[in-house]
Amino acid sequence: MENDRIDRRLLSFPVPAEGVCLYSILVRYHRKSANRNSDHTSLDLFGSRVNLRYTVALPYRIDRADNWISPRCGITKETIQRHNTAQGYLQMSGIFPEDSFERLTRARQSPGRGWIHRMLDAAHGDKHGLYFCPQCAKEDAIRIGEPYWHLSHQLLGVEYCPEHGELLQAIKPSPYEMSRRYLAVSDIMPGDIDMRDTALLGKYRDQFFELGKTITRMVSQSMDTDYMELLSLYEREHPNFGMQKMVRLIESYGGKGFIAALYPGVKYDHLLDEVAKKGHAAIPPTIHAILITALGLREDELWCKSDQNESQR
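Quick caveat, the model's predicted, so the values are computed rather than measured. (Residues numbered from 1 in each chain as written. Predicted model: local features only at pLDDT ≥ 70, side-chain atom pairs only at ≥ 80, totals over all residues. Heavy atoms only, no water.)

## Overview of the confidence of the model for the protein chain
Confidence in the prediction of the protein chain, expressed as mean pLDDT, is 89, and 89% of residues score 70 or more. Mean pLDDT values for the elements of the protein chain range from 56 in helix H17 (residues 299–311) up to 98 in strand S1 (residues 130–132). Low pLDDT, under 50, characterises residues 1–6; the stretch is placed with 19 contacts to residues that sit more than four places away or in other chains. (pLDDT = per-residue confidence, 0-100. Helix = DSSP H or I, 4+ residues; strand = E, 2+ residues; numbered from the N terminus. Contact = heavy atoms within 4.5 Å.)

## Some thoughts on the nonpolar core
If you look at the biggest cluster of nonpolar residues, it comprises 97 residues, and the most contacted ones within it are Tyr23 and Trp68. Excluding anything up to four places from it in sequence, tryptophan 68 contacts Leu10, Phe13, Leu22, Leu26, Leu45 and Phe46. (Core = buried A, V, L, I, M, F, W, Y, C linked by side-chain atoms within 4.5 Å. Buried < 20%, exposed > 50% of the residue type's maximum accessible area, 1.4 Å probe, protein only.)

## Regarding the pattern of salt bridges
Overall, the coordinates contain 17 salt bridges when judged by the stated rule. Aspartate 140 is the partner of arginine 143 in a salt bridge, and the nearest nitrogen-oxygen pair spans 2.8 Å. Taken together, the residues span about one helical turn, with arginine 143 and aspartate 140 both in helix H8 (residues 134–144) at a distance of 3 residues. When its relative accessible area of 1% is taken as the criterion, aspartate 140 is described as buried. (Salt bridge = Lys/Arg side-chain N within 4 Å of Asp/Glu carboxyl O.)

## Describing the side chain of threonine 105
Within the secondary structure layout, threonine 105 lies in helix H6 (residues 98–105). Taking relative accessible area as the criterion, threonine 105 reaches 8% and is therefore assigned buried. Not counting the four nearest positions on each side in its chain, threonine 105 is found in contact with Pro59, Arg61, Ile62, Asp63, Gln81 and Gln87.

## Observations concerning empty space enclosed by the protein
Counted according to the given criterion, the structure contains 1 cavity of 30 Å³ or more. Each pocket or cavity is described by its volume, and for the largest cavity that value is around 30 Å³. Lining of the largest cavity is provided by Ser24, Val27, Arg28, Arg31, Glu146, Pro147, Tyr148, Trp149, Ala184, Val185 and Ser186. The residue makeup of the lining of the largest cavity, split by class, is 6 nonpolar, 2 polar and 3 charged. (1 Å grid on protein atoms, 1.4 Å probe; cavity = no way out; pocket = protein on both sides within 12 Å on 5 of 7 lines; lining within 4 Å. Points joined across faces, edges and corners; volume = space filled by probe spheres on them. Nonpolar A, V, L, I, M, F, W, Y, C, P; charged D, E, K, R; others polar.)

## Quick word on helix H16 (residues 285–295)
Within H16, 10 of the 11 residues are buried, which leaves the element mostly enclosed by the surrounding structure. Among the residues making up H16, those that are buried are Pro285, Thr286, Ile287, His288, Ala289, Ile290, Leu291, Ile292, Thr293 and Leu295. Just downstream of H16, glycine 296 is the residue with a positive phi angle, here 60°.

## Description of the packing of helix H13 (residues 243–252) against helix H15 (residues 267–278)
Packing of H13 against H15 brings their axes to within 11 Å, and their N-to-C directions diverge by 155°. Our classification of the angle between H13 and H15 gives roughly antiparallel. Helix-helix and strand crossings are classified by hand; for H13 and H15 the assignment is right-handed. Every residue of H15 that contacts H13 at Met243, Met246, Val247, Ile250 and Glu251 is listed here: Tyr268, Leu272, Val275 and Ala276. Its residues placed into classes, the contact of H13 with H15 shows 8 nonpolar, no polar and 1 charged. (Axes fitted to C-alpha atoms, helices over the stretch in contact; angles between N-to-C directions. Parallel < 35°, antiparallel > 145°, perpendicular 65-115°, else oblique. Left-handed = near helix turned anticlockwise from the far one by under 90°.)

Quick look at the structure:
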């Protein structure tokens, strides 16, 4: 049942910290609200229970945000959508039509299970649960009083903290907990930490570290760049850039072993089949990040447009 008081302002809604994901903002509100349980907080925020897994990287029901925040604080639905979700990063590929995100953001409309699951797969891949850097957690606690979940740490391809180089630690709650509960970094107990395959990740540490830095920059800049502009950059570096050159570049970055660590099983083969059938519009954002990293594209070439657009906002 919908909460009849959903349109009231939430006076204790927190100011988003740098790099925090939407889910973590909601977690901070839950802690500040002193609500008895997570269901009560979801009623405050959304008017009903929702699947919180969708808020880790996606702008799920972000239309509610203008009801959460006072307009005098300078934070809006658009600023949270741009800086605290991975929408801009996902839109760099041509996989998702514009209206798929529009439906996702609307407060009372189903986004379509097919699209939302494709977005989840593009954002997280086989990464399940929530990820954090212990060093970031310490610094967050000093800076704002508590640690939080960083958006970039949750994304496919980011296994080492792009700032500190530490292997990210993970908790893997049950699907029910992940979808219903507001889980804080500060609530993690030693027994909650998942035992990760450090041998495999350590073998490709350098590749993951550099790739993670590229992904984090792509996310934090909220680049107003689409896949056609990226293809122009690839074409300039590799004239007649096509499927074969793309595959060679991808597999040159760490070899097939690294690709298998990133896309286990036959996922990479399926991905290439999709690109072969549908063209470059089917390249997911993580593959764009690999190509950008492998080509060593100069930052002033890749990011200048985003920086200019951001300065005009």
